[in-house]
Amino acid sequence: AQKITQTQPGMFVQEKEAVTLDCTYDTSDPSYGLFWYKQPSSGEMIFLIYQGSYDQQNATEGRYSLNFQKARKSANLVISASQLGDSAMYFCAMREGGSEKLVFGKGTKLTVNP
Amino acid sequence: NAGVTQTPKFQVLKTGQSMTLQCAQDMNHNSMYWYRQDPGMGLRLIYYSASEGTTDKGEVPNGYNVSRLNKREFSLRLESAAPSQTSVYFCASRGKPYGYTFGSGTRLTVV
């Protein structure tokens, strides 16, 4: 069964610094996709970045990058140059190739301090 | 382009009452999903529908029923609400190549 683990319930970072949010996953399916979502206090789920298991390069989207270490089964989100608006809950999620189910971790609450 | 629309946004029910949460998407997506979000638990899948006319149980289906009315609409019904069903409910749809789009959520309180 697929499983996502986010071990950091909360993280703090100073504005303009970089921060890494950890995510490890467990699956026996060689084909899978990894997602990161942001949930601000307003509650909506905002898609940030996607990494496929067969992608050769780490995904990047603006200030977001995904540090994909396949052998270690980790998919950490790196946010560069943090902004106050980055304060939110961040969720890692995975979908196995043959499954319809997107499975989420429990999330990490990021607080960016001025 | 509205994406995924959920109604209502807020609801208070008494224990034992029934209600239906509505969800509609205008992106011509085949797959639709219902999740619930509880503090410290992330999002957990209740039911999903891979295509019109099919539905399947997710991780936490007990106490819920769903209907995939057509390709656009996927509703979630609570037949006899319980306090344990107090939660925030999200509907989502999935399009190619991989993107999931979420609705804005329904905050349900059962007293």
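All of the points below concern the structure found in this document.

The rules we used
Residues numbered from 1 in each chain as written. Chains lettered and ligands numbered in written order. Predicted model: local features only at pLDDT ≥ 70, side-chain atom pairs only at ≥ 80, totals over all residues. Heavy atoms only, no water. Buried < 20%, exposed > 50% of the residue type's maximum accessible area, 1.4 Å probe, protein only. Helix = DSSP H or I, 4+ residues; strand = E, 2+ residues; numbered from the N terminus. Pairing = 2+ DSSP bridges. Phe/Tyr/Trp six-rings, centres within 6.5 Å; stacked < 30°, edge-to-face > 60°. Polar contact = N/O pair within 3.5 Å; in protein donor to acceptor, adjacent residues only side chain to side chain. Contact = heavy atoms within 4.5 Å. Disulfide = S-S within 2.5 Å. Buried area = accessible area lost by both parts, 1.4 Å probe. Salt bridge = Lys/Arg side-chain N within 4 Å of Asp/Glu carboxyl O. Nonpolar A, V, L, I, M, F, W, Y, C, P; charged D, E, K, R; others polar. Axes fitted to C-alpha atoms, helices over the stretch in contact; angles between N-to-C directions.

**Focus: the pairing of strand S5 (residues 42–49) of chain B**
Residues and elements named next belong to chain B.
Right, on to step 1. Among the 8 residues that make up S5, 8 are buried, leaving the element largely enclosed by the rest of the structure.
Right, on to step 2. Relative to S5, strand S4 (residues 31–38) runs antiparallel, the two being bridged by 7 bridges. Counted as the bridge partner of tyrosine 33 is tyrosine 48 from S5.
Right, on to step 3. Counting the residues that bridge the hairpin from S4 to S5 gives 3 residues, and of these glycine 40 lies at a positive phi of roughly 75°.
Right, on to step 4. Inspection of the sheet shows S5 paired to strand S6 (residues 56–57) by 2 bridges, in the antiparallel sense. Bridge pairing in S6 links tyrosine 47 to lysine 57.
Right, on to step 5. Hairpin geometry of S5 and S6 is characterised by an intervening segment of 6 residues between the two adjacent antiparallel strands and by a positive phi of about 95° at glycine 53.

**Brief notes about the packing of aromatic side chains**
Residue and element names in this part refer to chain A.
Right, on to step 1. Within the structure shown, the criterion is met by 17 aromatic pairs over all chains.
Right, on to step 2. Here the aromatic rings of tyrosine 25 and tyrosine 32 are separated by 5.1 Å at their centres, their planes lie at 50°, and the arrangement is tilted. When sorted by exposure, tyrosine 25 lands in the same class as tyrosine 32, which is buried.
Right, on to step 3. With 5.9 Å between their ring centres and 50° between their planes, tyrosine 37 and phenylalanine 104 make a pair best called tilted. Of this pair, tyrosine 37 sits in strand S5 (residues 32–39) while phenylalanine 104 sits in strand S11 (residues 103–104), placing them 67 residues apart in sequence.

**Some remarks on the side chain of aspartate 86 of chain A**
Residues and elements named next belong to chain A.
Right, on to step 1. As for its placement among the helices and strands, aspartate 86 is situated in the loop between strand S9 (74–79) and strand S10 (88–96).
Right, on to step 2. Owing to a relative accessible area of 2%, aspartate 86 belongs among the buried residues under this scheme.
Right, on to step 3. A polar contact of 2.8 Å, which involves the side chain of aspartate 86, links it to the side chain of arginine 63.
Right, on to step 4. Dropping the residues within four chain positions of it, aspartate 86 is found in contact with Lys38, Arg63, Tyr64, Ile79, Ala81, Leu110 and Val112.

**Concerning the state of the cysteines**
What is meant by a disulfide is a covalent connection between two cysteines, made through their sulfur atoms.
Right, on to step 1. Summed over all chains, the structure comprises 2 disulfides over all chains.
Right, on to step 2. Note on cysteine connectivity: cysteine 23 of chain A is disulfide-linked to cysteine 92 of chain A, with sulfurs 2.0 Å apart. Judged by the sign of its S-S torsion, about -65°, the cystine formed by cysteine 23 of chain A and cysteine 92 of chain A is left-handed. Placement of the pair is cysteine 23 of chain A in the loop between strand S3 (19–21) and strand S4 (24–26) and cysteine 92 of chain A in strand S10, with a sequence separation of 69 residues.
Right, on to step 3. Its relative accessible area of 0% is what places cysteine 23 of chain A among the buried residues.
Right, on to step 4. The exposure class assigned to cysteine 92 of chain A is buried, which follows from its relative accessible area of 0%.
Right, on to step 5. Disulfide pairing places cysteine 23 of chain B opposite cysteine 91 of chain B at an S-S distance of 1.8 Å.

**Observations concerning the interface of chain A and chain B**
One widely used convention gives an interface's size as the accessible area the parts lose upon coming together.
Right, on to step 1. Taken residue by residue, the interface counts 15 residues in chain A and 17 residues in chain B.
Right, on to step 2. When chain A packs against chain B, the two sides together hide about 1,500 Å² of surface, and 60% of this comes from carbon and sulfur.
Right, on to step 3. Viewed at the interface, chain B and chain A are joined by 1 salt bridge.
Right, on to step 4. Notably, a salt bridge pairs arginine 94 of chain B with glutamate 100 of chain A, separated by 2.9 Å at the nearest N-O pair.
Right, on to step 5. Seen at the junction of chain A and chain B, the total is 7 residue pairs in polar contact (both at pLDDT 80 or more).
Right, on to step 6. Of all the secondary-structure elements, those providing two or more residues to the side of chain A that touches chain B are S5, strand S6 (46–52) and S10 of chain A.
Right, on to step 7. Considering every element that reaches the side of chain A that touches chain B, the biggest residue donor is S5 of chain A, with 3 residues.
Right, on to step 8. Among the residues forming the side of chain A that touches chain B, the class breakdown is 8 nonpolar, 3 polar and 4 charged.

**Structural notes on the sheet that holds strand S8 (residues 74–78) of chain B**
All names here are of chain B.
Right, on to step 1. Across the sheet, 4 strands lie side by side as S1-S3-S8-S7; this open sheet has antiparallel pairing. Pairing within the sheet leaves two strands with one partner each, and these edge strands are strand S1 (4–7) and strand S7 (65–68). Ignoring which end each strand starts from, the neighbouring axes of this sheet average 15° apart.
Right, on to step 2. Examined bridge by bridge, S7 and S8 share 4 bridges and lie antiparallel to one another. Looking at the pairing, valine 66 lines up with leucine 76 of S8.

Nothing here speaks to function; it is geometry throughout.
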